[in-house]
Amino acid sequence: MEARLTAELAAVVAGARRRAVRDGDRQIDTAHLLHSLLEADPDVREVFEGGAQLARVLGYLVQRSIGYGLRWQARVEGAPLATPVTGWSPAAVRAMEAALARAAVREDPRAGGIDLLSALAGDPDCRAVEVLRHAGVDPEGLAGSPWVGSRTA
């Protein structure tokens, strides 16, 4: 899967992996991906309505990494996959697959940050959407935004 990502998105995945290990989580989940994506991808940061909204999302993610996420550590995110991917939550795998499918629709062999943001925002049951909602961001509007929906990575 990672071979089909842009260099920037591969760096996001590496950052999410480091964050999961540092937080004591067994798997990369969608909140790890969102956190790393916001830190690493300037195009993704531009999607948010100014600095205040972005600061709220990052603030919530930081709270999660310093203890809020303890309630998440006891359960796996997302319904089980037919073929599990070691080190990834089922929801994170589905988000990456959706990002790759989004890239394929525009005939791009590699998925980028905007592809992943759209995929994360489009899954109402994932942790990334929970984070967005708690921070006051409308994930449905974000996933359906013409800018996110049409922007190439």
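Preceding this paragraph is the structure being described.
Residues numbered from 1 in each chain as written. Predicted model: local features only at pLDDT ≥ 70, side-chain atom pairs only at ≥ 80, totals over all residues. Heavy atoms only, no water.

A. Summary view of the nonpolar core. Grouped together as the largest cluster of nonpolar side chains are 44 residues, with contacts concentrated most on Leu 33, Leu 34, Phe 48, Val 57 and Leu 116. Mapped onto this core, the elements with two or more residues apiece are helix H1 (7-23), helix H2 (30-40), helix H3 (42-47), helix H4 (50-68), helix H6 (90-105), helix H7 (113-121) and helix H8 (127-134). Residue contributions to this core peak at 8 residues, all from H6. Setting aside its immediate chain neighbours within four residues, Leu 116 contacts Leu 9, Leu 33, Leu 37, Ala 95, Met 96 and Ala 99. (Core = buried A, V, L, I, M, F, W, Y, C linked by side-chain atoms within 4.5 Å. Buried < 20%, exposed > 50% of the residue type's maximum accessible area, 1.4 Å probe, protein only. Helix = DSSP H or I, 4+ residues; strand = E, 2+ residues; numbered from the N terminus. Contact = heavy atoms within 4.5 Å.)

B. Expanded view of unusual backbone geometry. A positive phi angle is found at Glu 107, which is not glycine, with a value near 60°. Residue position: Glu 107 is located in the loop between H6 and H7.

C. Expanded view of the environment of Ala 95. When you line up the elements, Ala 95 lands in helix H6. Ignoring any residue separated from it by four or fewer positions in sequence, one finds Ala 95 in contact with Leu 116, Ala 119 and Leu 120.

D. Spatial organisation of H7. Extensive coverage of H7 is indicated by the burial of 9 of its 9 residues. Within H7 the residues assigned to the buried category are Gly 113, Ile 114, Asp 115, Leu 116, Leu 117, Ser 118, Ala 119, Leu 120 and Ala 121.

E. Highlighting the pattern of salt bridges. For the coordinates displayed, the defined rule picks out 6 salt bridges. In this structure, Arg 19 engages Glu 39 in a salt bridge whose closest nitrogen and oxygen atoms are separated by 2.6 Å. With Arg 19 in helix H1 and Glu 39 in helix H2, the pair connects residues that are 20 residues apart, well separated along the chain. Residue Arg 19 is classed as buried on the basis of its relative accessible area, which comes to 8%. What makes Glu 39 partly exposed here is its relative accessible area of 47%. Note that Arg 106 is salt-bridged to Asp 108, the shortest N-O span being 3.4 Å. Accessibility expressed as a relative area gives 25% for Arg 106, which makes it partly exposed. (Salt bridge = Lys/Arg side-chain N within 4 Å of Asp/Glu carboxyl O.)

F. Seen up close, H8. For H8, the full list of buried residues reads Arg 127, Ala 128, Val 129, Val 131 and Leu 132. Residue Gly 136 follows H8 closely and has a positive phi angle near 85°.

G. Up close: the side chain of Asp 41. Structurally, Asp 41 can be placed in the loop between H2 and H3. As a buried residue without a salt bridge, Asp 41 has its nearest oppositely charged side chain in Arg 45, at a separation of 6.5 Å. (Lys, Arg positive; Asp, Glu negative; His and termini not counted.)

H. Spotlight on the packing of H2 against H8. Close contact between H2 and H8 brings their axes to 6 Å; oriented N to C, the two are set at 60°. Taken together, the axes of H2 and H8 are oblique relative to one another. Residues Thr 30, Ala 31 and Leu 34 of H2 lie in contact with H8, whose contacting residues are Arg 127, Ala 128, Val 131 and Leu 132. Residues of the contact of H2 with H8, tallied by class, amount to 5 nonpolar, 1 polar and 1 charged. (Axes fitted to C-alpha atoms, helices over the stretch in contact; angles between N-to-C directions. Parallel < 35°, antiparallel > 145°, perpendicular 65-115°, else oblique. Nonpolar A, V, L, I, M, F, W, Y, C, P; charged D, E, K, R; others polar.)

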